[in-house]
Amino acid sequence: MSATDATTTTSSASGAGAKGMIGTFTSRYASVLPTFAAITILIALLAGAEIYFGNFLTGRNMSALLLDNAYLMVLAVGMTFVIVTAGIDLSVGSVMAFTGIFGASLFASGVPFVIVIPVMLLSGVAIGLLIGVLVQYFNVQPFIASLAGLFLGRGLAYVVSLQSIRVEDPVLLWLGSTRFTLGDFYIAPTGVIALLTVIVGALVMHFTRFGRTVYAVGGSEQSARLMGLNVARTKVMVYVISGLCGGLAGLVLTAYTGSGYPRNGIGTELDVIAVVVIGGTLLSGGRGYVLGSMIGVFVFGTINTIINFMGAEQSWTHIIVGALLLLFIVVQRAIVARSDRSR
Amino acid sequence: MDGAEPLVELEGATVRFGAFTALDGVDFRMFPGEVHSLMGENGAGKSTLIKAITGVLPLDEGSLTLAGESVQFATPHAAQAAGVSTVYQEVDLLPNLSVAENIWLGREPRRFGLIDNAAMRRQASEVLDGLGLDIDPASILGSHSLAVQQLVAIARAISTDLRVLVLDEPTSSLDTDEVAELFRVIRDLKQRGVAILFVSHFLDQVYEICDRVTVLRDGALVGEYLTTELLRIDLVQKMLGRDVAEFATRERVVEPDLPPDPFLSARGITSAPGIVDADIDVAEGEVLGLAGLLGSGRTELARALTGIDRPQSGIIRIEKSEVRLESPRHALQIGVVYSSENRRTEGLLPELSILENIVLAVQAQQGAMRRIPLARQRELAMSWIDALGIRPSDPDRKVGTLSGGNQQKVMLARLLALSPRVLVLDEPTRGIDVGAKVEIQNLVGELADNGLAVIFISAELEEVLRVGDRVAILREGRVAETLTADSLNPDTLLALVAQPDLPEA
């Protein structure tokens, strides 16, 4: 009798404790939930593929995941900054194509890498700056401003060359073809660049005033301004960062393919937006994580690989990614609706 | 408090918006360690004065002195830096960030150039503890109630070197416990020597917490008073601008003349926020005036009666049969129409023409598929322009270019084109000139003579008495009494509106 009583008391007490913990958790980390959902989906995909194919979770395969999607990851970091301010950048695919082909043509005419690489990055920055200034000072919708950037980048790419340009520069070839191995796993310098971009992006987002201002602008531009934060500079800067990431992705993709091609990255901006949203970033701004976007890239890459393994049509990738995107947007709406109600 | 130096001193403050003078040579002062209230009806200049102190609006004339030094705040941020902070009714914080970040944003503690999140949370805890608040600094602000968010906004304000705190309608969406918590914090700040400007239209709260009151009316200063020395009735009289000379001869009519056969009859209407158990009857051909102070629930009652807000309980009968007004659209079909007090934001489309604004509701009722022929539209618009005397009588003029009175008439025309049975007018004469006012008042009378049931809301008691056949008096969300207009004069009505149960002093 007394024993039962004791058990009841303990269980109810621990129940209350757990409830309190859940309360603390949801009040602190509700915005991480979509990212957790992305991680869960990634694990489910990997586990499911391993069970189905039996040879999926190999070092080779996992390493290829990073290698093949390094450019996407770099773009996703920049896009996360933009989307957290409730903006959008449609130009990233063409910026990547333009900087890639521009770099390749400079390499082809013998310009050394110490000049070419900064020039590639700065071309991305210039287009980003243009978009940012249009958005902030000319009050153009981000969608329209970056659409202009999209056409500009693509047009400039065609101006540079209509054909693919091979790159012979040893430094660039080193970036693309070197493999640091660890057992079955390997990583290329481009993969290192992608991971470093993610780490730097996450640090900036979470541990600098600029990063927190990015979130503040996404939460409420008006409030951020009343709090004395530099909203204008922040809004321009996120597009500059996205442009910089576009330039860096151009470098990564050129190194990966060993050439520049003006038709690279058509439609990539939409893939990037998809992975950022799947990674848990809210399109309405204010919530999201650079690390989440990395998870989003892995989800995207894994779906691609699975479809390769199945030998199915690549178009299925888009159907599945589309379905996932839909799911995530619904999940996010539900979370936002719930947190709005609780207020 | 005599002899003490005022912390804030505003002298001859004048703010103009174009030709309109929102604040006219107002003197205003606040002492350290006092809670000061700013009172006045809509449009008295309260928010303009607040904006002038907090750097949102520049002064056209006059000077602002803070602790003996002449200052000019170019931005709210400059005012904050000087120790003048504002907490608005709609909290201007960031719901997507943590409580700690909302307190420290822009001033985060840093280590090695990076934000030190642990230190930030710790310092936030200290600030919150200092206010006696038990809030998890790491929690996301949006997960808390509005009351807590407001307290966090105060915490942000006091984490700087706070000297003046402006609370603009802080209690309007809080419940009793939350108000008590807020007042505890206010008293605590008062002890620390902060000057607090508390703006609220709840008289009870003003009398509970405030030491001193400044009353504004029509952009001008009425006076500054100690709350302990100012009777509630006197305060209301100063806000509304009534002479209280013959106040003593208050007569009470016990039996209101109920119309024998009310067209619209509402019983026990309760609607959040602000309306409790309200009974309203209005007959065909009658104008029922609604009189009450700002915050008494005038607008809320109107919205509950016209299907804009769904009442939580209560019955509305029209011609004795019970109706449920599901939406404004449904109410329009039944013939119950509402004209908002905010004709710019909730009424007219200033970029569209008079014709388009008038035809809008009729067209909407017909459905977009059955477009009214242009000739018919023009005919309809012209007939209303003539009937109501809208000037200029050009149906293609943009409504935004008309005077306030003519805009009001366009709104009326739109509603009347629907051939309504019940017309609810919320402050139709606010912000329009005297001549137009009389025209609107006469128009309302004519409409009633033509068989409409009209509910007429106004902050001006004389007007309610002039237009209304009977007057329903609202106090704190309740219909306190309904009396015939003949049995009232402005002074007796004033006394009823203010608070008849005032302890004799």
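What you see is a predicted model; the values in this text were computed from it and never measured.

Cut-offs and rules
Throughout this document, residue positions are counted from 1 along each chain, in the order its sequence is written. Starting at A for chains and at 1 for ligands, labels are handed out in the order in which the entities are written. Only residues with pLDDT of 70 or above have their local features reported here, since the model is predicted, and side-chain atom pairs are shown and tallied only from 80 upward, although totals for entire chains, interfaces and linings are computed over all residues. Derived side-chain values reflect all non-hydrogen atoms in the structure, with water molecules and hydrogen atoms excluded from consideration. Here, axes are lines fitted to C-alpha atoms. For helices the fit covers the stretch in contact, and angles between N-to-C directions go from 0 to 180 degrees. Going along the chain from the N terminus, every DSSP run of H or I of four or more residues is numbered as a helix, and every run of E of two or more is numbered as a strand. Oblique is the label for every angle not falling under 35 degrees (roughly parallel), over 145 degrees (roughly antiparallel), or within 65 to 115 degrees (roughly perpendicular). Note on convention: near helix rotated counterclockwise from far helix by under a right angle means a left-handed crossing. Clockwise means right-handed. Contacts between residues were defined by any pair of non-hydrogen atoms, one from each residue, lying within 4.5 Å. Segment limits for the domains were obtained from an automatic or database-derived domain assignment. Put simply, buried area is the surface a 1.4 Å probe can reach on two separate parts but cannot reach once they are joined, added for both. Here a salt bridge means any side-chain nitrogen of Lys or Arg lying within 4 Å of a carboxyl oxygen belonging to Asp or Glu. For this analysis, a polar contact is any N or O atom pair within 3.5 Å, provided that within protein one partner can donate a hydrogen and the other can accept it, and provided that sequence-adjacent residues contribute only side-chain to side-chain pairs. The classification of residues rests on relative accessible area computed with a 1.4 Å probe and restricted to protein chains. Under 20% of the type maximum is buried, over 50% is exposed, and intermediate values are partly exposed. In this count, Pro and Cys sit with the nonpolar residues alongside Ala, Val, Leu, Ile, Met, Phe, Trp and Tyr, while Asp, Glu, Lys and Arg are called charged and the others, Gly among them, polar. A strand pair is defined by DSSP finding two or more bridges across the two strands.

*Asks:* Give me the lowdown on the packing of helix α5 (residues 92-108) of chain A against helix α12 (residues 231-257) of chain A, citing residues and values where you can.
*Replies:* Residues and elements named next belong to chain A. It is the contact of α5 with α12, at a shortest axis distance of 7 Å, that shows an interaxial angle of 50°. Relative to α12, the element α5 lies oblique. Considering the relative orientation of α5 and α12, their crossing is right-handed. Here Val92, Val95, Met96, Thr99, Gly100 and Ala104 of α5 come into contact with α12, specifically with Ser242, Gly243, Gly246, Gly247, Ala249, Gly250, Leu253 and Thr254.

*Asks:* Describe the domain arrangement of chain B, and please don't skip the residues or the numbers.
*Replies:* Residue and element names in this part refer to chain B. Assigned domains of chain B: these are domain 1 (8-240) and domain 2 (264-498). Look at where the C-alpha atoms of domain 1 and domain 2 centre, and you get two points 35 Å apart. Of the residues lining the interface, 13 residues belong to domain 1; the matching set on domain 2 comes to 13 residues. Around 1100 Å² of area is buried between domain 1 and domain 2 when both sides are counted, 66% of it from carbon and sulfur atoms. Along the contact surface separating domain 1 from domain 2 lie zero salt bridges. At the junction of domain 1 with domain 2, the criterion picks out zero residue pairs in polar contact (both at pLDDT 80 or more).

*Asks:* Please give an account of the environment of Ser259 of chain A that cites residues and values.
*Replies:* Residue and element names in this part refer to chain A. Structurally, Ser259 is set in strand β4 (residues 259-260). Residue classification places Ser259 among the buried positions, given a relative accessible area of 12%. Separated by 91 residues in sequence, Ser259 and Glu168 have C-alpha atoms that sit 8.6 Å apart. Setting aside residues up to four positions removed in sequence, Ser259 forms contacts with Ser164, Ile165, Arg166, Val167 and Thr254.

*Asks:* A description of the interface of chain B and chain A should follow, citing residues and the corresponding values.
*Replies:* In this assembly, 29 residues from chain B lie in contact with 24 residues from chain A. Three residues stand out in chain B for area buried against chain A, namely Leu94, Asn96 and Ile115 of chain B, and they jointly supply 20% of the buried area on that side. Linking chain B with chain A are two salt bridges, by the criterion used here. Measuring nitrogen to oxygen at the nearest pair gives 3.0 Å for the salt bridge that ties Arg209 of chain A to Glu108 of chain B. Here chain B is connected to chain A by eight residue pairs in polar contact (both at pLDDT 80 or more). Breaking the side of chain B that touches chain A down by element, the ones donating at least two residues are α2 (76-81), α3 (99-104), β8 (114-115) and α5 (146-158) of chain B. In terms of residue count, α2 of chain B provides more of the side of chain B that touches chain A than any other element does, three residues in total. Residues of the side of chain B that touches chain A, tallied by class, amount to ten nonpolar, twelve polar and seven charged.

*Asks:* Can you lay out the sheet that holds strand β14 (residues 275-282) of chain B for me, pointing to particular residues and giving the numbers?
*Replies:* Residues and elements named next belong to chain B. Judged by pairing direction, the sheet is antiparallel, and its four strands sit side by side in the order β14-β13-β16-β17 without closing on themselves. Edge positions in the sheet fall to β14 and β17 (321-323), since each has one partner strand and no second. Neighbour-to-neighbour, the strand axes of the sheet open up by a mean angle of 25°, direction not taken into account. Sheet contacts for helix α9 (residues 298-305): β13 (264-271), β14 and β16 (313-318); angle to β14, the most-contacted strand, approximately 65°.

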